[in-house]
Amino acid sequence: MARLVSIQVGVPRWNVSADGKPWLSAFFKEPVAGPTALRFTNLEGDQQGDTRVHGGPDMALLCYAFDHYADWRDELAVPEMGPGGFGENFTVAGQDESTVCIGDVYEVGETVVQVSQPRGPCTKISKRWERPDLLRRVEKSGRHGWYLRVLREGTVEAGLILRLIERPHQDWSVRRAADAYRWRKHDKALAAELARCEALAAVTRAELLKAVEL
């Protein structure tokens, strides 16, 4: 059974990378204690640094699997890596990219959310932990996370159960969808199949169709 281990929010702030270059991001998240409001576009107190590629109804929340952190701590020898370390809003135990499917609908306290697309990992993951190899490791391992859209607003808090109430696309795990999107120009048949998944974020479907038509 999936459980919401912790909730994190953050606002854009300037950071300095290991090479001395500044970068703006809301990647650094802080834990939320007690109930917090979940709206159609975000959690109360959470913002995005670059709204061209982050945020909006199909990326209202970023989820990450709690169990991945033990693996990363062992692999990277970073004992402080834990919930919020990958910039996620929801850290969830009991599910990961191989068990969550595109379109899954969950009841979480007062709210209802739906899995909208895999997370597309970016260089900020490497910058956050000052590990140039981390982005490649995330892509190779498939431990990247996934996004949710909000179907019903309300309040949420850590400790709640994510109760699955609908699974319209059981063949499309987040991991399989991420791989199909990543290799969309090489396997156009699979890309076209994924593009027909109605619950997938509209922007992602458009990118798949663009690749198929090339």
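Since we're looking at a predicted model, the values are computed, not measured.

Q: What am I meant to see in the pattern of salt bridges here?
A: Side chains that differ in sign of charge can pair as their charged atoms come close. Per the counting criterion, the structure on display carries 12 salt bridges. Across the pair aspartate 58 and arginine 149 runs a salt bridge whose closest N-O atoms are separated by 2.9 Å. With aspartate 58 in the loop between strand 5 (36–38) and strand 6 (61–65) and arginine 149 in strand 10 (residues 146–152), the pair connects residues that are 91 residues apart, well separated along the chain. Overall, aspartate 58 belongs to the partly exposed group, its relative accessible area being 24%.

Q: Please clarify how helix 4 (residues 174–182) should be interpreted in this entry.
A: Looking at helix 4, one finds that the buried residues are Val174, Ala177, Ala178 and Ala180. The buried residues of helix 4 occupy one face: seen down the axis, they fall within an arc of 165°. Elements that come into contact with the buried residues of helix 4 comprise strand 9 (111–118), strand 10, helix 5 (188–195) and helix 6 (202–213).

Q: Mind showing me how you'd approach the side chain of aspartate 104 here?
A: Mapped onto the secondary structure, aspartate 104 falls in the loop between strand 7 (90–93) and strand 8 (105–108). For aspartate 104, a relative accessible area of 0% corresponds to the buried category. Only 2.9 Å separates the side chain of aspartate 104 from the backbone nitrogen of cysteine 101, close enough to count as a polar contact. Not counting chain neighbours up to four residues away, the residues in contact with aspartate 104 comprise Thr99, Val113, Gln114, Val115, Leu164, Glu166, Arg167 and Pro168.

Q: What exactly am I supposed to notice about the nonpolar core here?
A: Nonpolar side chains tend to gather and get buried jointly when the protein is soluble and globular. Grouped together as the largest cluster of nonpolar side chains are 34 residues, with contacts concentrated most on Phe90 and Ile102. Here this core gets four residues from one element, more than from any other, and that element is strand 1 (residues 2–9). Not counting chain neighbours up to four residues away, the residues in contact with isoleucine 102 comprise Val115, Ser116, Gln117, Pro118, His169, Trp172, Val174, Ala177, Cys197, Ala199 and Leu200. In terms of nonpolar packing, the next biggest core, distinct from the first, is built from 12 residues, Tyr69, Leu76, Val78 and Val138 among them.

Q: Would you take a moment to explain the packing of helix 4 against helix 5 for this structure?
A: Two packed helices can be described by the angle between their axes and the distance between those axes. Here helix 4 crosses helix 5 at 125°, and the two axes come no closer than 9 Å. By the angle between their directions, the pair helix 4 and helix 5 is classed as oblique. Our pair here, helix 4 against helix 5, has a crossing hand that is left-handed. Here Arg176, Ala177, Ala180 and Tyr181 of helix 4 lie close against helix 5, whose contacting residues are Leu190, Glu193 and Leu194.

Q: Please clarify how empty space enclosed by the protein should be interpreted in this entry.
A: If you roll a probe as big as a water molecule over the atoms, it shows you where there is empty space left. Across all of its chains, the model carries one cavity of 30 Å³ or more by this definition. Partitioned by chemical class, the residues of the lining of the largest cavity number nine nonpolar, nine polar and five charged.

Q: Where do I start with the side chain of asparagine 15 in this structure?
A: Inspection of the secondary structure assignment puts asparagine 15 in strand 2 (residues 13–16). At a separation of 3.0 Å, a polar atom in the side chain of asparagine 15 contacts the side chain of arginine 13. Those residues in contact with asparagine 15, other than ones at most four positions away along the chain, are Lys21, Pro22, Trp23, Ser25 and Phe28.

Basis of the calculations
- Residues numbered from 1 in each chain as written.
- Predicted model: local features only at pLDDT ≥ 70, side-chain atom pairs only at ≥ 80, totals over all residues.
- Heavy atoms only, no water.
- Salt bridge = Lys/Arg side-chain N within 4 Å of Asp/Glu carboxyl O.
- Helix = DSSP H or I, 4+ residues; strand = E, 2+ residues; numbered from the N terminus.
- Buried < 20%, exposed > 50% of the residue type's maximum accessible area, 1.4 Å probe, protein only.
- Arc of directions from axis to C-beta.
- Contact = heavy atoms within 4.5 Å.
- Polar contact = N/O pair within 3.5 Å; in protein donor to acceptor, adjacent residues only side chain to side chain.
- Core = buried A, V, L, I, M, F, W, Y, C linked by side-chain atoms within 4.5 Å.
- Axes fitted to C-alpha atoms, helices over the stretch in contact; angles between N-to-C directions.
- Parallel < 35°, antiparallel > 145°, perpendicular 65-115°, else oblique.
- Left-handed = near helix turned anticlockwise from the far one by under 90°.
- 1 Å grid on protein atoms, 1.4 Å probe; cavity = no way out; pocket = protein on both sides within 12 Å on 5 of 7 lines; lining within 4 Å.
- Points joined across faces, edges and corners; volume = space filled by probe spheres on them.
- Nonpolar A, V, L, I, M, F, W, Y, C, P; charged D, E, K, R; others polar.

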